[in-house]
Amino acid sequence: MSDQPPAETETIRAKLQQYGFSETAAETYLAVVERGSATASTVAEAAGVSTSYVYDVCDDLAADGFVAVDDHRTPTEIRAVPPAEAFGALRTDLDALESAVTARYERPADDEETFEVVKSRATIGKRLVDHIDAAESEVILQLPARRLPVVADALRRARERGVLVLLTLGADEGDGSKSDPEVVSETGGRLDGLANVVRSGLAGAPSLLATDQERGFVSPATMLSWDHDQTRAITFRQDAVASVLVGSYLGNYWPMGEELLVTRPPSLPATYEMFRHTVFAAELRMRTGTDVSVDLYARRVGTDDPFETVTGTVVDARQNLVEPGNSDFGFENSLIVDTGTERISVGGYGAFLEDYECKRATLRSA
């Protein structure tokens, strides 16, 4: 079919097939290219296909800009479009495709903005529900008690998934610091199933949410308390911001409230990805007199050692999640574990005060 070496022809044919040509279409196209222009019957003979099939294939090649079909002549003549012109269009399409794929590649993981200013209370409610529904390990939430119905169903779904939920319910600004019964009455007293721990909060505290230390929300208290407030809220997806928000919440706002509800101790064994949940569960089980053992996927703090399984018995918990707390500062939630050879302090992933940092833990009754 060609004066080109067979190997070179085969390489060209393979490349055409790589870009979407069928084997027969590649053969037909090369037969046209090598002749510049030819009748359908000549192309059919060179390509080893029927003349009717050549017409079908060349109509498709013409639509894609690779050949021109002159059916005003008898017999019909098929002419190859200059390769620079034909493949120039393909290069343009590939450049456009590359740009589109690059934009998708550089977009945040779930197409969310890193930060978003929200003006509408209805939009805030939707964002809160979306964030809570996306939580896999932990929800930390502070908001006016009167707004609890907006997120109640989402909180209930989170608890059913086994998510740790810490909830502070505040009075509306201007009502003063309400007592525990008054805060509960604003929710209709229906707190069971919504959170692991519920505390009352002071009027005027900002509304905030952090889920899995990844996503969150923060707004002035007035935005969710007053019906005609003109302030703005911010929703975000950024680990560093969420971590700071959680630390501020547990260190400042959480201790200011009064404990209203604590769930029953969880059944064991149980595995937790978020270490606060590990500490919470271990503390509640130990308060029942249960000896608790733990398998920690952990490593020594400040090292690049690989994470390994460390097994031991929990002998103490440093925490402020449930009363009475015994941590020295708000975000200190750690375990003291007897491994049989030493006693070690263990914190969550990224810990810096404890002996070990832990990515995952399984609690068992000893």
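All of these numbers come straight from a predicted model, not from anything done at the bench.

Cut-offs applied
- Each chain has its residues counted from 1, running along the sequence as written.
- Per-residue local features are limited, in this predicted model, to residues with pLDDT of at least 70; the limit for side-chain atom pairs, both in listing and counting, is 80 or more; totals at the level of whole chains, interfaces and linings are taken over all residues.
- Values reported for side chains reflect all heavy atoms of the structure, with hydrogen atoms and water molecules removed beforehand.
- Two strands pair if DSSP finds at least two bridges between them.
- Helix and strand definitions here come from DSSP, where helices need a minimum of 4 consecutive H or I residues and strands a minimum of 2 consecutive E residues; each element is numbered from the N-terminal end.
- Here an axis means a line fitted to C-alpha atoms, over the contact stretch when the element is a helix, while the angle between two N-to-C directions is reported on a 0 to 180 degree scale.
- The salt bridge definition used is simple: a Lys or Arg side-chain nitrogen within 4 Å of an Asp or Glu carboxyl oxygen.
- The residues that make up patches have over 30% relative accessible area and no salt bridge, and they are joined within 9 Å when like-charged or within 5 Å when they are Val, Leu, Ile, Met, Phe, Trp or Tyr.
- Exposure was quantified through the Shrake-Rupley algorithm and a 1.4 Å probe, taking into account, for residues, occlusion by the shown protein chains and nothing else.
- Here the term buried applies to any residue with accessible area under 20% of the maximum for its type, exposed to any over 50%, and partly exposed to those in between, with areas from a 1.4 Å probe on protein chains only.
- Handedness of a crossover: with both strands directed away from the viewer, a clockwise path from the first strand across the helix to the second marks it as right-handed.
- Residues count as neighbours in contact if any of their non-hydrogen atoms are within 4.5 Å of one another.

*Asks:* Where do I start with the sheet that holds strand β3 (residues 77-80) in this structure?
*Replies:* By way of backbone hydrogen bonds, the strands of a sheet pair with one another, either parallel or antiparallel. Ordered by their spatial adjacency, three strands build an open sheet running β1-β3-β2, and the pairing between neighbours is antiparallel. What marks the edges here is a single partner per strand, and that holds for β1 (37-39) and β2 (67-70). Averaged over all adjacent pairs, the angle separating strand axes in this sheet is 20 degrees, with direction ignored. Summarising the sheet, β2 and β3 pair through four bridges and their orientation is antiparallel.

*Asks:* Is there a simple way to explain the pattern of salt bridges in this structure?
*Replies:* Close approach of charged atoms allows side chains of opposite charge to pair. Applying the stated criterion across every chain, the model contains 16 salt bridges. Because the salt bridges share partners, they merge into one network encompassing E10, R13 and E27.

*Asks:* What am I meant to see in a nonpolar patch on the surface here?
*Replies:* A cluster of nonpolar side chains, contributed by Y19, L94, L97 and V101, occupies part of the molecular surface with about 390 Å² of accessible area. Within the element layout of this structure, V101 appears in helix α5 (residues 83-106).

*Asks:* Looking at this structure, I do not really get the pairing of strand β5 (residues 138-144). What am I missing?
*Replies:* Consecutive side chains of a regular strand alternate in pointing toward one face of the sheet and then the other. Extensive coverage of β5 is indicated by the burial of seven of its seven residues. Two strands pair when backbone bridges link them, and β5 and strand β6 (residues 164-170) are joined in this way by seven bridges, in the parallel orientation. Considered in β6, the bridge of L141 is made with L167. A crossover links β5 with its parallel partner β6, the connecting element being helix α7 (residues 148-160), and its sense is right-handed.

*Asks:* Explanation requested: the side chain of S334 in the structure shown.
*Replies:* For S334, the position within the fold is in strand β15 (residues 334-338). Setting aside residues up to four positions removed in sequence, S334 forms contacts with F275, V279, D316, A317, R318, V346, G347 and E354.

*Asks:* Whenever I open this one, unusual backbone geometry confuses me. Can you help?
*Replies:* Across residues other than glycine, the phi torsion is negative in most instances, and most of the peptide bonds are trans. A cis amide bond links L268 with the next residue in sequence, P269, at an omega value of 5 degrees. Residue placement: P269 occurs in the loop between β11 (258-262) and β12 (270-272). Backbone geometry at D212 places phi at a positive 55 degrees, although glycine is not the residue there. Note that D212 resides in the loop between β8 (207-211) and β9 (215-219). For Q213, which is not glycine, the phi torsion reads 50 degrees and is therefore positive. Here Q213 shows up in the loop between β8 and β9.

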